[in-house]
Amino acid sequence: MSADGVLAIVPAEVGDEAGAVGLSPVLGTLAALLADPRQAITEDSIRCLICAGVFRQLTNTHLRGHGTSASEYKGRFGYNRGRPLMCLALARRYAERARSAGLAARIRRRPILVDPELRKRGGARTIALEELLTRRDARRREILSRIAAQNGQTA
Ligand SMILES: [Zn+2]
């Protein structure tokens, strides 16, 4: 069975009821989320990829309970370093609040100029799984729209 075939039998959608009905749905959900951690974050919830618990945000206190930190968690599961560990609604609210407070202008700095280690590496950085998946989705959308456009011309 191909890797895609294996992924196909794992439910892609996160069911909040999975935790209530037994262990194997949770394992199925976690397997799907490990393959694409972006799916653990929805409009109203974020699922912890360690305990499968569902929250509005993963607090430092919660992560400390698992013996980890936010940056370690993001690295371990392939999130982008700047990814807020909270549901989309909450992240949007914080971002709007920060914007209206002019926070971005105050904290904006260019790490490449400040950090000599980064400069030595020429700005190279590791690409998180999240970014790879997002790039792959963008490529697929582009190919699909190109195919649709071609079909439109020949039809
Ligand atoms: Zn947890």
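Higher on the page you've got the structure.
Bear in mind that the values here come from a model prediction, so they are computed numbers and not experimental data.

A.B. asks: Can you lay out the overall build of the chain for me, pointing to particular residues and giving the numbers?
C.D. replies: Looking only at helices and strands, one finds ten helices and two strands in the chain. Seen in sequence order, the chain has helices and strands lined up from the N terminus as α-α-α-β-β-α-α-α-α-α-α-α. Across the 155 residues of the chain, 12% fall into the buried class. When contacts within the chain are restricted to residue pairs at least 6 apart in sequence, those whose partners lie at least 24 apart make up 47%.

A.B. asks: Tell me about unusual backbone geometry, and name the residues and values.
C.D. replies: The backbone of Ala52 sits at a positive phi, close to 70 degrees, despite the residue not being glycine. Structurally, the position occupied by Ala52 is in the loop between strand E1 (46-47) and strand E2 (54-55). Looking at Ala52, the number of C-beta atoms within 10 Å reads 18, which means it is partly exposed.

A.B. asks: Explain the nonpolar core to me, and be specific about the residues and the numbers.
C.D. replies: Core analysis: the biggest nonpolar cluster contains eleven residues, these being Leu30, Leu33, Ala40, Ile41, Ile46, Cys48, Leu49, Leu58, Tyr73, Leu85 and Cys87. Leaving out residues up to four positions away in the same chain, Ile41 has contacts with Ile46, Cys87 and Leu88.

A.B. asks: Can you lay out helix H6 (residues 88-100) for me, pointing to particular residues and giving the numbers?
C.D. replies: For H6, with 13 residues, the first-to-last C-alpha span of 18 Å sits near the 18 Å given by 1.5 Å per residue. Just downstream of H6 lies Gly102, where phi reads positive at about 70 degrees.

Calculation notes
Residues numbered from 1 in each chain as written. Predicted model: local features only at pLDDT ≥ 70, side-chain atom pairs only at ≥ 80, totals over all residues. Helix = DSSP H or I, 4+ residues; strand = E, 2+ residues; numbered from the N terminus. Buried ≥ 20, exposed ≤ 12 C-beta atoms within 10 Å, placed from the backbone. Contact = placed C-beta atoms within 7 Å. Core = buried A, V, L, I, M, F, W, Y, C linked by C-beta atoms within 7 Å. Expected span 1.5 Å × (residues − 1).

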